[in-house]
Structure formats: structure tokens, C-alpha cells
Amino acid sequence: MTFFILTFGCKVNQCESENIQKSMEENSFEACESFEKAEIVLLNSCAVTGESVRKLRQSIHKIKHKNPNCILAVTGCVAQAESDEISKMPEVDIIIGNANKSEIPSIIKRYLSDKRPTLKVDPIFSLKTFPNEIVNYSPHRSRAFLKIEDGCNRFCSYCIIPYARGRVRSKNLADIENDVKLLAKNGYKEVVLVGINLSSYGMDIGKNLADAVSVVCSVDGIERVRLSSLEPDLMTDEILLRLSKEPKLCHQFHLALQSGSNKILSSMRRRYNREEYIKVAHKIKAIFPNATFTTDLMVGFPEENETDFKDSLDLIEEVGFLKVHVFPYSVRPGTLAETFDGQIPKAVKAKRVHEVMEKSSETCQKVLKSFVGKMCDVLYETRDADGLYEGYTKEYVPVKTKSPEDLRGKIIPTKMGTVKDNYILCEYI
């Protein structure tokens with residue numbers, strides 16, 4: 001039977017969807033290019049905001065309207081945290097929690113034999129170790145995502161994810177090494193390490209993030225190692241010093257921010273203040289040549305006034321981000337912030353999103369201009385509609401260039417040329 005996976009949310013979900021696809025194919029299911037043609041549609045859901053849950057529900061209605069005969073299954077964080085609500089939707093045939101993702105092919109096979117609505121959601125906090133999951137080693141691109149951590153112990157006031165993912169669980173170093181060797185064997189040049197709270201890697205097994213990075217960097221054939229989202233307060237001097245000794249590590253740091261206001265950070269139950277965040281950023285700039293920064297920023301959190309918002313804009317300017325992923329706060333049922341007074345009007349949040357986008361565009365241009373004239377190694381990955389090859393430097397600077405040869409999958413020294421809207425146009429050398 002044919003299947004299609006629709007993925008919502010973070011890089012961990014994207015990584016897991018690839019692994020689910022591999023597992024399904026190994027169980028005699030055939031991947032399909034669209035949900036309209038698929039016999040089975042699996043939605044890997046995100047529960048990070050109220051808006052993400054709304055989009056999931058909207059997609060469920062749309063899929064069943066356009067493909068009424070398909071078997072529709074929901075997995076991921078919404079399936080785990082809100083299974084009772086999802087089970088009330090008549091369009092949904094199968095619900096599989098995060099604790100049961102490794103069982104997806106067998107659960108679907110059982111459904112095919114008895115056609116009974118299925119709810120398989122085991123308690124997430126019962127999981128104590130990293131799951132033994134199939135990893136997709138297929139050479140679909142030059143960059144591979146590898147999940148090495150799951151769960152979060154932080155319980156920020158706006159976030160439901162600990163209830164959907166459970167406590168921190170880390171992949172052991174031997175399994176990481178085996179996975180990366182297979183990725184290298186299949187032609188991948190870059191590995192991106194991902195996790196629900198990647199900075200917490202190893203706290204349950206007596207290791208830390210630097211240990212994992214060291215193992216990945218030691219594998220022949222892998223030329224780049226990139227890190228996904230990091231918690232600034234967990235980037236200690238010891239870890240930063242060890243990371244600085246790894247020449248394969250990409251000098252791009254996605255430091256989670258959420259707000260530049262100390263008042264809002266405290267209300268969010270984040271574990272750092274703006275001064276500590278800025279200090280970590282400057283420390284990284286001093287240790288890692290040409291380091292760039294990306295981040296996530298939430299606007300319109302309860303009680304965020306204009307002074308608080310200006311603190312966020314000022315911090316964007318201070319750090320000089322290459323990219324800011326900005327989103328408006330939306331009430332998330334089941335979180336502490338749901339009970340907070342001082343909810344911000346939708347129009348105000350939309351205005352603040354726009355202002356952040358403008359500010360981050362300014363800082364992006366400054367970062368891009370700082371690279372003009374430099375020689376950088378670029379991993380070319382795709383080709384656009386105009387025939388330009390697209391890729392990224394180690395610092396995640398987007399690059400486009402012309403070439404008579406196919407550059408995809410190759411790392412090429414390239415002189416940084418002219419800054420365009422959000423990338424650098426280069427002459428191929």
C-alpha cells in the first residue's frame with residue numbers, strides 16, 4: 001500500500017519522519033509523492049503552539065475532504081499530549097503517541113486487518129532510555145539530520161513539549177558513531193545533530209554535547225558537523241572550549257532566545273537573562289572565527305509592553321543575527337502561561353512580528369556584507385530555477401553561483417561575491 005507523511009514543526013520531527021518512512025518501506029509499504037494519491041496518510045504533528053495545533057486540525061479536514069478513502073493516522077506531539085481531543089475527530093483512524101513511534105508499521109498493519117479505530121499512546125514519562133529507532137541512511141541530499149537526544153526537563157511556562165516528549169534521554173556514543181559511519185558511507189558530507197533540547201545531551205548518561213560532537217567529527221568522510229538549537233545557559237566554558245578544538249564543527253550557533261526582556265524571560269521561566277545571553281554570544285564570537293547566530297523569538301507574550309519589546313529589538317541589533325525565526329505567542333492549553341493575565345491583542349502581535357522581521361533583515365544584510373571578498377568552503381546542495389547552484393558556508397551563509405559542472409554534493413572553495421536579498425551571489429572558482 002502507498003503512504004504519505006506530512007510533517008509539522010521542528011527538525012526533530014523532520015528527522016523522525018525520514019526514519020518513519022524508512023521503517024515503513026522496510027515493512028513493504030510504498031512511499032507516495034502526495035497525500036491526494038496515498039492510501040495511508042500519516043501526520044507527524046507539532047504541539048509547540050496553539051496555532052500549530054490549529055493547523056493540524058485544518059490539515060486533517062483538508063486531507064479527508066480531498067482523499068476521503070485514505071486511512072488517516074496522527075502521530076507526534078499532539079497525538080501524545082492531546083490524544084483525547086484528536087480521538088474526537090471522526091476523520092482520524094489511528095492515533096500513535098511519541099512513545100510508540102517505533103511501532104507505527106505494525107500498528108498500521110493491525111488496523112488494516114481489523115479496521116478498528118486505533119489509539120496507541122503509552123505514558124511518555126515511562127520512557128527512560130533513548131529509543132532504538134531505524135535511521136534513514138538513504139542519500140537524498142548532502143546534509144543529514146541525526147537525532148541524538150529526546151525530551152526536555154525545563155518546563156517553560158509557555159511550553160507543552162515536556163508532556164509530549166518526556167524527560168531527557170540521550171543516544172549512547174557507540175550508536176551515534178555507527179549511525180554516522182553509515183551516513184558517511186552513503187555519501188553525506190554534513191551531519192546536523194538535533195534534539196528536543198540538544199544542549200542537555202548526555203545529562204542522563206554521564207556525558208555532554210562535546211562528547212557527541214567529538215565522536216561525529218572523528219568519522220572519516222564527514223566533513224562538517226552542525227548543531228541545531230542550543231540553550232545559552234548550557235553552553236558552558238568547558239563545552240565551548242572543547243567544541244572550539246573540532247575543525248569540522250560549523251561556526252553557526254542557533255541560540256534559543258524567545259525574548260530580550262528580563263521581565264518576560266522570567267515570566268517564561270527561561271534560565272538566563274538578557275545580559276547572560278549577550279555574554280555567551282560575545283564569548284562564542286571571540287572563540288569561533290566568523291561565527292554567525294540564528295535564533296527563535298516569541299513576541300506578544302502576556303504582559304509584554306513596548307519597553308519589553310524594544311529590549312528584544314535591541315538584543316537583535318546587539319548580537320547581529322543572520323536569521324531570526326519570529327512567531328507570535330498563542331495560548332497553549334495545559335501550560336502555566338494559559339492562566340496569565342495581560343494577553344496581547346492579535347493586531348499588536350502582528351505589528352511586532354513585522355518589526356522583528358525588518359530588524360532581522362537589517363542584521364542579516366550586515367552579516368552577509370561582512371563575508372564579501374572572503375574565501376569560504378561552500379557545500380552546494382540544490383539548483384534553482386535559474387540554473388544557479390545553491391549552498392551554504394560553514395557559517396550557514398546562503399550562496400548561489402554559476403558553474404558548467406554539477407556542484408551538488410560537493411564542497412567547493414568559493415570567493416564571496418555580491419550581496420543580494422538574502423544570499424551572496426558568487427563567481428565560481
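Reading guide: rules and limits
- The residue count restarts for each chain, going from 1 along the sequence in the order it is written.
- Per-residue local features are limited, in this predicted model, to residues with pLDDT of at least 70; the limit for side-chain atom pairs, both in listing and counting, is 80 or more; totals at the level of whole chains, interfaces and linings are taken over all residues.
- Water and hydrogen atoms play no part in the side-chain values, which are based on all heavy atoms of the structure.
- Helix and strand assignments follow DSSP, with helices taken as H or I runs no shorter than four residues and strands as E runs no shorter than two, numbered in order from the N terminus.
- The atom set for the radius of gyration is the C-alpha atoms, and the globule formula is 2.2 Å times the number of residues raised to the power 0.38.
- Residue burial is assigned from relative accessible area. The probe radius is 1.4 Å, only protein chains are included, and a residue is buried under 20% of its type maximum, exposed over 50%, and partly exposed in between.
- When checking whether two residues touch, look at their non-hydrogen atoms; a contact exists if any pair is within 4.5 Å.
- Exposure was quantified through the Shrake-Rupley algorithm and a 1.4 Å probe, taking into account, for residues, occlusion by the shown protein chains and nothing else.
- Positive charges come from Lys and Arg alone, negative charges from Asp and Glu alone, with His and the N- and C-terminal ends not counted.
- To locate a charge, take NZ of a lysine, CZ of an arginine, CG of an aspartate or CD of a glutamate.
- The pairing criterion for strands is at least two bridges between them, as found by DSSP.
- Lines fitted to C-alpha atoms define the axes, with helix axes restricted to the stretch in contact, and inter-axis angles between N-to-C directions lie between 0 and 180 degrees.
- Centre distance within 6.5 Å is the pairing criterion for rings of Phe, Tyr and Trp, where only the six-membered ring of Trp is used; planes under 30 degrees apart are then read as stacked, over 60 as edge-to-face, and the remainder as tilted.
- Comment: the charge-over-ring label is applied if NZ (Lys) or CZ (Arg) is within 6 Å of the ring centre and within 35 degrees of the ring normal.
- The term salt bridge refers to a pairing of a side-chain nitrogen on Lys or Arg with a carboxyl oxygen on Asp or Glu at a separation within 4 Å.
- Working rule for helices: expected span equals 1.5 Å times residues minus one.
- Summarising the geometry, the arc corresponds to the directions from the helix axis toward the C-beta atoms.
- For the purposes of these results, a polar contact is taken to be a pair of N or O atoms within 3.5 Å, where, inside protein, one atom must be able to donate a hydrogen and its partner to accept one; residues adjacent in sequence count only when each atom of the pair is a side-chain atom.

Q: Got a minute to help me understand the overall build of the protein chain in this structure?
A: Secondary structure summary: the protein chain contains 13 helices and 18 strands in total. On C-alpha atoms alone, the protein chain measures out to a radius of gyration of 22 Å, which is about the 22 Å that the 2.2 N^0.38 rule sets for 429 residues. Every one of the 429 residues in the protein chain was classed for burial, and the buried ones make up 55%. In the protein chain, of all internal contacts separated by at least 6 residues, the share reaching a separation of at least 24 is 73%. If you sum the accessible surface of the protein chain, you get close to 18,800 Å²; carbon and sulfur atoms cover 51% of it. The distance from the centre of the 61 positive side-chain charges to the centre of the 59 negative ones in the protein chain is 1 Å.

Q: Which parts of the structure should I look at to understand the sheet that holds strand β7 (residues 143-150)?
A: Strands belonging to one sheet form pairs held by backbone hydrogen bonds; the direction of such a pair is parallel or antiparallel. The strand order across the open sheet built from four strands is β8-β7-β9-β10, with neighbouring strands paired in mixed fashion. Each edge of the open sheet carries a strand with a single partner, namely β8 (169-170) and β10 (224-227). Pairing of β7 with β8 involves two bridges; the strand directions are antiparallel. When the bridges of β8 are listed, E149 appears paired with S170. Packed on one face of the sheet, helix α7 (residues 173-185) meets β7 and β9 (190-195) and runs near 170° to β7.

Q: Would you mind showing me how to read the pairing of strand β4 (residues 71-76) here?
A: On any regular strand, side chains alternate: one points to one face of the sheet, the next to the other face. Among the six residues that make up β4, six are buried, leaving the element largely enclosed by the rest of the structure. Going residue by residue along β4, you find I71, A73 and T75 tucked away on one face and L72, V74 and G76 tucked away on the opposite face as well. Sheet analysis places strand β3 (residues 40-45) next to β4, joined by six bridges and oriented parallel. The residue of β4 that forms the bridge with N44 is T75.

Q: Hey, could you run me through the packing of aromatic side chains in this one?
A: Describing an aromatic ring pair means giving the distance of the ring centres and the angle of the ring planes. This structure, assessed with the given rule, holds nine aromatic pairs. For the pair F125 and Y163, a centre-to-centre distance of 6.3 Å together with 90° between the ring planes defines the contact as edge-to-face. Highlighted residues: F125 in the loop between β6 (118-120) and β7 and Y163 in helix α6 (residues 161-165), separated in sequence by 38 residues. Residue class for F125 comes out partly exposed when judged on its relative accessible area of 33%. With a centroid separation of 4.9 Å and 55° between ring planes, the pair formed by F253 and F288 is classed as tilted. Taken together, the residues span a long stretch of sequence, with F253 in strand β11 (residues 252-254) and F288 in the loop between α11 (274-287) and β12 (292-299) at a distance of 35 residues. We note that F253, like F288, is buried. Grouping aromatic residues by their ring pairs yields a cluster made of Y158, F301, Y329 and F340. Of note, K400 hangs over the ring of Y423, and the distance from its end group to the ring centre comes to 4.6 Å.

Q: Would you mind going over the pattern of salt bridges with me for this structure?
A: Opposite charge on two side chains permits them to pair, given that their charged atoms come into close proximity. All chains considered together, the criterion is met by 35 salt bridges. Between R332 and E82 there is a salt bridge, with the nearest N and O atoms lying 2.6 Å from each other. Within this pair, whereas R332 is found in the loop between β13 (323-328) and α13 (346-371), its partner E82 is found in the loop between α3 (77-81) and α4 (83-86), the two being separated by 250 residues in sequence. Between K88 and E85 there is a salt bridge, with its nearest N and O atoms 3.2 Å apart.

Q: Explanation requested: unusual backbone geometry in the structure shown.
A: The phi torsion at E303 lies on the positive side, around 75°, for a residue other than glycine. Tracing the sequence through the fold places E303 in the loop between β12 and α12 (306-319). The backbone phi angle of Y396 is positive, close to 70°, even though this residue is not glycine. With respect to the element layout, Y396 can be found in the loop between β15 (389-393) and β16 (398-401).

Q: For this particular structure, what's the right way to read the sheet that holds β12?
A: Across the sheet, three strands lie side by side as β11-β12-β13; this open sheet has parallel pairing. Every interior strand has two partners, whereas the edge strands, β11 and β13, have only one. When strand polarity is set aside, the average angle formed by the axes of neighbouring strands in this sheet is 15°. With six bridges connecting them, β12 and β13 associate as parallel partners. Looking across to β13, one finds that T295 is bridged to V324. Strands β12 and β13 of the sheet are contacted by α13, whose axis makes an angle of about 175° with β13.

Q: Help me understand α7 in this model?
A: An α-helical turn contains 3.6 residues, so a residue and the one three or four places further along point in the same direction. Taking 1.5 Å as the rise per residue, α7 with 13 residues should run 18 Å; its terminal C-alpha atoms sit 18 Å apart, in good agreement. The set of residues buried in α7 consists of I176, D179, V180, L183 and A184. Along the axis of α7, the buried positions cluster into a sector of 140°, meaning they face one direction only. The inward-facing, buried residues of α7 contact β7, β9 and α8 (209-217). Of the residues flanking the start of α7, the one acting as N-cap is N172, its side-chain oxygen 3.2 Å from the backbone nitrogen of A174. At the C-terminal side of α7, G187 shows a positive phi close to 95°.

These figures come from the coordinates and say nothing about function on their own.
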